[in-house]
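# Coordinate inspection notes
The lines below spell out each chain.
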Amino acid sequence: MSDHRPTTETTTDEADVVDLLLRQHALIRDLFDEVETGGDRAGAFRRLVRMLAVHETAEEEIVHPVARRVLDGGEDVIDERLAEEHEAKEMLDRLDQLGPDDPEFDKNLQVLRAAVLAHARSEERYEFTLLRALTNEAERRSMTLGVKAAEAMAPTRPHPGVESATANVLLGPPVAIMDRTRDLIRKAMGTDG
């Protein structure tokens, strides 16, 4: 029997950044389902944490700055998304510290899920649809390459307070190195969840 668990790796061939991000949103929904119902709850949660951290960093570095520039009222739209991302990172960080065995985990996971899915719907409605309409195919292909590069260098844990493109570029690489080192140590010790 093959393993069909969602993966945090972006191995898609989407050339359009909007298609890529929509696919990642679907993957995030699947990972929430897996954490709630899967047999390897700790492993599923670890993949969810990583996917959310990497996905949000790439959006903050690549997608939001373009949206801020091209959308009518882009400053306000993106400021709202960044506030949502900050709140979600704080919740995810608390959950990550608690771990899936904590008695409060399920309740907190439901709150996080509701916040993350509401955030994704807002991005899809107020940002992605308009990005597709206001940018051309070449710009969106270029953004896809940027998102994939940002994901390759992104931290693998939530870091509340690092939501702007500038903060991600300045703080992201050293934090990513620490996160990825911690991931390797956990894996080597057999505690990677």
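Quick note: structure is the one above.
Definitions and limits used
- Residues numbered from 1 in each chain as written.
- Predicted model: local features only at pLDDT ≥ 70, side-chain atom pairs only at ≥ 80, totals over all residues.
- Heavy atoms only, no water.
- Helix = DSSP H or I, 4+ residues; strand = E, 2+ residues; numbered from the N terminus.
- Buried < 20%, exposed > 50% of the residue type's maximum accessible area, 1.4 Å probe, protein only.
- Contact = heavy atoms within 4.5 Å.
- Areas by Shrake-Rupley, 256 points an atom, 1.4 Å probe, with all protein chains shown as cover.
- Core = buried A, V, L, I, M, F, W, Y, C linked by side-chain atoms within 4.5 Å.
- Phe/Tyr/Trp six-rings, centres within 6.5 Å; stacked < 30°, edge-to-face > 60°.
- Axes fitted to C-alpha atoms, helices over the stretch in contact; angles between N-to-C directions.
- Parallel < 35°, antiparallel > 145°, perpendicular 65-115°, else oblique.
- Left-handed = near helix turned anticlockwise from the far one by under 90°.
- Nonpolar A, V, L, I, M, F, W, Y, C, P; charged D, E, K, R; others polar.
- Salt bridge = Lys/Arg side-chain N within 4 Å of Asp/Glu carboxyl O.

### Some points on the overall build of the chain
Each helix and strand in the chain was counted, giving six helices and zero strands. The secondary structure elements of the chain, listed N-terminal to C-terminal, are α-α-α-α-α-α. Counting across all 193 residues of the chain, residues that qualify as buried make up 46%. For the chain, the share of sequence-separated contacts (at least 6 apart) that also reach a separation of at least 24 residues comes to 76%. Surface exposure of the chain reaches about 9800 Å², of which carbon and sulfur atoms provide 56%.

### Topic: the nonpolar core
Membership of the largest hydrophobic core comes to 19 residues, with the highest contact counts inside it found for F32, F45, L48 and L112. Mapped onto this core, the elements with two or more residues apiece are helix 1 (17–37), helix 2 (41–70), helix 3 (74–98) and helix 4 (105–134). The dominant element in this core, judged by the number of residues it contributes, is helix 2, at six residues.

### What to know about the packing of aromatic side chains
Counting across every chain of the model gives one aromatic pair. Taking 5.0 Å as the distance between ring centres and 85 degrees as the angle between the ring planes, the aromatic pair formed by F45 and F105 counts as edge-to-face. Here the residue F45 occupies a position in helix 2, and F105 occupies one in helix 4, the gap between them amounting to 60 residues. Judged by its relative accessible area of 0%, F105 falls in the buried class.

### Observations concerning the packing of helix 2 against helix 4
The N-to-C vectors of helix 2 and helix 4 enclose an angle of 30 degrees; their axes lie 12 Å apart at closest approach. Taken together, the axes of helix 2 and helix 4 lie roughly parallel to each other. Viewed along their axes, helix 2 and helix 4 form a crossing whose handedness is left-handed. Of the residues in helix 4, those touching helix 2 at R41, F45, L48, L52, H55, E56, E59, V63, H64, V66, A67 and V70 are F105, D106, L109, V116, H119, E123, E127, F128, L131 and L134. The residue makeup of the contact of helix 2 with helix 4, split by class, is 13 nonpolar, three polar and six charged.

### Some remarks on the pattern of salt bridges
Under the defined criterion, the tally for this structure stands at 15 salt bridges. Note that E36 is salt-bridged to R113, the shortest N-O span being 2.9 Å. In this pair, E36 sits in helix 1 while R113 sits in helix 4, placing the two residues 77 residues apart along the sequence. Under the relative-accessibility criterion, E36 is labelled partly exposed at 31%. Owing to a relative accessible area of 16%, R113 belongs among the buried residues under this scheme. Across the pair R41 and D106 runs a salt bridge whose closest N-O atoms are separated by 2.0 Å. You can see R41 sitting in helix 2 and its partner D106 sitting in helix 4, a full 65 residues away along the chain.

Taken by themselves, the reported measurements are silent on function.
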